[in-house]
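Residue-level listing of the chains:
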Amino acid sequence: MEGIIFKNKKTVTGIGSALVDILANENDDFLSRFDGAKGGMKLVDNDVIEQMLGYISGRPVVVPGGSACNTIVGIGKLGGSGHFVGKRGEDELGHLFENSLNSNNIETSMFKSDLPTGRVLSIITPDAQRSMFTYLGASAEMEPAEITGCCSDDTAVVHIEGYLVYNKALITAAIKEARNKGALVSLDLASFTVVEENKEFLKGIVKDYVDILIANEDEARVFTGMTDEKKTVSALSENAEIGILKVGAEGSYISRGGDIVQIEPHGTGKAVDTTGAGDLWASGFLFGLVKGYPLERCGDIGSACGYEVCQVVGTEIPEEGWERIKKRNI
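Okay, so let's go over this structure. (Residues numbered from 1 in each chain as written. Predicted model: local features only at pLDDT ≥ 70, side-chain atom pairs only at ≥ 80, totals over all residues. Heavy atoms only, no water.)

**Some thoughts on the nonpolar core**
Right, so step 1: Counting residues in hydrophobic clusters, the biggest one holds 46 residues, and the most contacted among them are F84, V157, I212, I242, I254, F285 and L289.
Right, so step 2: Apart from the residues within four sequence positions on either side, I242 is in contact with I4, D211, I212, L213, S237, I254, S255, R256, F285, L289 and L295.
Right, so step 3: Of all hydrophobic cores here, the second largest spans 44 residues; its members include I171, V185, V206 and A215. (Core = buried A, V, L, I, M, F, W, Y, C linked by side-chain atoms within 4.5 Å. Buried < 20%, exposed > 50% of the residue type's maximum accessible area, 1.4 Å probe, protein only. Contact = heavy atoms within 4.5 Å.)

Okay, structure coming up:
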């Protein structure tokens, strides 16, 4: 399946929430105690996260996160050109977040807020599923006017996380910024709970603006109402040029112009933690897309990135993992 040729454009700009991930291993009973949806995302106040941290049994892992941020960092690790746009607090977590991106050669447009930097408590259950409790903090204060002019002229793709849908004026501004720069719009549906709560709005922006629509099987089921994999990925590409369906250990599907290609998974399907698997899949796919690779190759790089991140706790693939990806795919 042919790729897309970008003339004089090489950067993928991610627009999303600047969040710090707090990762903890707990059982299903812990999740039930705080009314969490397995594999979903729940917005909470900062004091709820503080309360939950008081019940954590071990020492949590703290790393920069946020869906679009994870994707852009992955593109930088692959050797691509990445740019992240977000808003953070003037606090320790905020400085950690921005310094981490800069150390990975990611250009940043970080706006500042008096609110604390947002954070996500991700509970990883024994089945390797991650369930998120999110305090948006400073990221919720990002204004549509701040988005205007944030993308460089060499932006090929603007990648938007579905979580931005909770600020509809902001996600609309992000789309307009992409269009003003002549960039493609990539939208990751983020979470089945996000789709459930904003389905009609999401369908509207996909129909009018989105070029690349990315979803896992739970998100796609809610968005399309379908369960058959090939019919589902076809439905995802009905109003977008490229539709992508990720089906976990079974791999993924890519649909474009009525054609469907199946991407085989890497590895055995076993996972230590699925946090960031979809985000890093998008890293590999978008990296390859901007390079002009055939879509099958883009999907294979995405599959490799998704596999490697599932072998560690959190979203930071070790350098030996990146080397394996590069040797096989790039």
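On we go from here.
**Focus on the pairing of strand β1 (residues 11–15)**
Along any regular strand, the residues point their side chains to alternate faces of the sheet.
Right, so step 1: Counting buried residues along β1, five of its five residues qualify, which places the element largely inside the surrounding structure.
Right, so step 2: Bridge count between β1 and strand β9 (residues 155–161): five bridges; the pairing is parallel. Bridge assignment links I15 to a residue of β9, and that residue is I160. (Helix = DSSP H or I, 4+ residues; strand = E, 2+ residues; numbered from the N terminus. Pairing = 2+ DSSP bridges.)

**Describing the state of the cysteines**
Right, so step 1: All chains considered together, the criterion is met by zero disulfides.
Right, so step 2: Cysteine C151 remains unbridged, with the sulfur of C150 as its closest cysteine sulfur at 3.9 Å.
Right, so step 3: You can see C310 has no disulfide; the closest cysteine sulfur is in C305, sitting 11 Å from it.
Right, so step 4: A relative accessible area of 11% places C310 in the buried class. (Disulfide = S-S within 2.5 Å.)

**Some remarks on the pairing of strand β10 (residues 184–188)**
Right, so step 1: Counting buried positions along β10 yields five of five residues, so the element is predominantly enclosed.
Right, so step 2: Along β10, one buried face is formed by L184, S186 and D188 and the opposite face, lined by V185 and L187, is buried too.
Right, so step 3: Pairing between β9 and β10: five bridges, direction parallel. By the bridge assignment, H159 is partnered in β10 with S186.
Right, so step 4: Considered for its hand, the β-α-β crossover made up of β9, helix α6 (residues 168–180) and β10 is right-handed.
Right, so step 5: Of the pairings in the sheet, the one linking β10 to strand β11 (residues 212–216) comprises three bridges and is parallel in character. Looking at the pairing, S186 lines up with I212 of β11. (Right-handed = clockwise from strand over helix to strand, strands pointing away.)

**Considerations on the sheet that holds strand β8 (residues 130–135)**
Right, so step 1: Read across the sheet, five strands follow the order β3-β8-β7-β2-β4 without closing on themselves; strand pairing throughout is mixed. Two strands close off the open sheet at either side, each with one partner strand: β3 (41–43) and β4 (61–65). Recorded for the sheet is a direction-independent mean angle of 25 degrees between the axes of neighbouring strands.
Right, so step 2: Alignment of strand β2 (residues 19–25) against β4, held across five bridges, turns out to be antiparallel. Residue pairing across strands places L23 opposite V61, the latter belonging to β4.
Right, so step 3: Docked against the sheet, helix α2 (residues 46–53) engages β2, β7 (118–124) and β8, running at close to 40 degrees with respect to β7. (Axes fitted to C-alpha atoms, helices over the stretch in contact; angles between N-to-C directions.)

**A look at the packing of aromatic side chains**
Each pair of aromatic rings is reported with the distance of its centres and the angle of its planes.
Right, so step 1: One pass over the structure, following the stated rule, counts four aromatic pairs.
Right, so step 2: Judged by centre distance (5.8 Å) and plane angle (55 degrees), the rings of F84 and F97 are tilted. Taken together, the positions of F84 in strand β5 (residues 81–89) and F97 in helix α4 (residues 92–103) put the pair 13 residues apart, joining distant regions of the chain.
Right, so step 3: Judged by its relative accessible area of 0%, F97 is buried. (Phe/Tyr/Trp six-rings, centres within 6.5 Å; stacked < 30°, edge-to-face > 60°.)

**As for the packing of helix α8 (residues 217–224) against helix α9 (residues 229–236)**
What describes two packed helices is the angle between their axes and the distance between those same axes.
Right, so step 1: Viewed as axis vectors pointing N to C, α8 and α9 meet at an angle of 70 degrees, and their least axial separation amounts to 10 Å. One element, α8, and the other, α9, form an angle in the roughly perpendicular class. Note on packing geometry: the crossing formed by α8 with α9 is left-handed. For the pair formed by α8 and α9, the contact residues are A220, F223 and T224 on the first element and T232, A235 and L236 on the second.
Right, so step 2: When the residues that make up the contact of α8 with α9 are grouped by side-chain class, the tally is four nonpolar, two polar and no charged. (Parallel < 35°, antiparallel > 145°, perpendicular 65-115°, else oblique. Left-handed = near helix turned anticlockwise from the far one by under 90°. Nonpolar A, V, L, I, M, F, W, Y, C, P; charged D, E, K, R; others polar.)

**Examining α8**
Right, so step 1: Those residues of α8 not exposed but buried are E219, A220, V222, F223 and T224.
Right, so step 2: Residues of α8 that are buried make contact with β10, α7 (192–208), β11, α9 and β12 (242–246).
Right, so step 3: At the C-terminal side of α8, G225 shows a positive phi close to 80 degrees.

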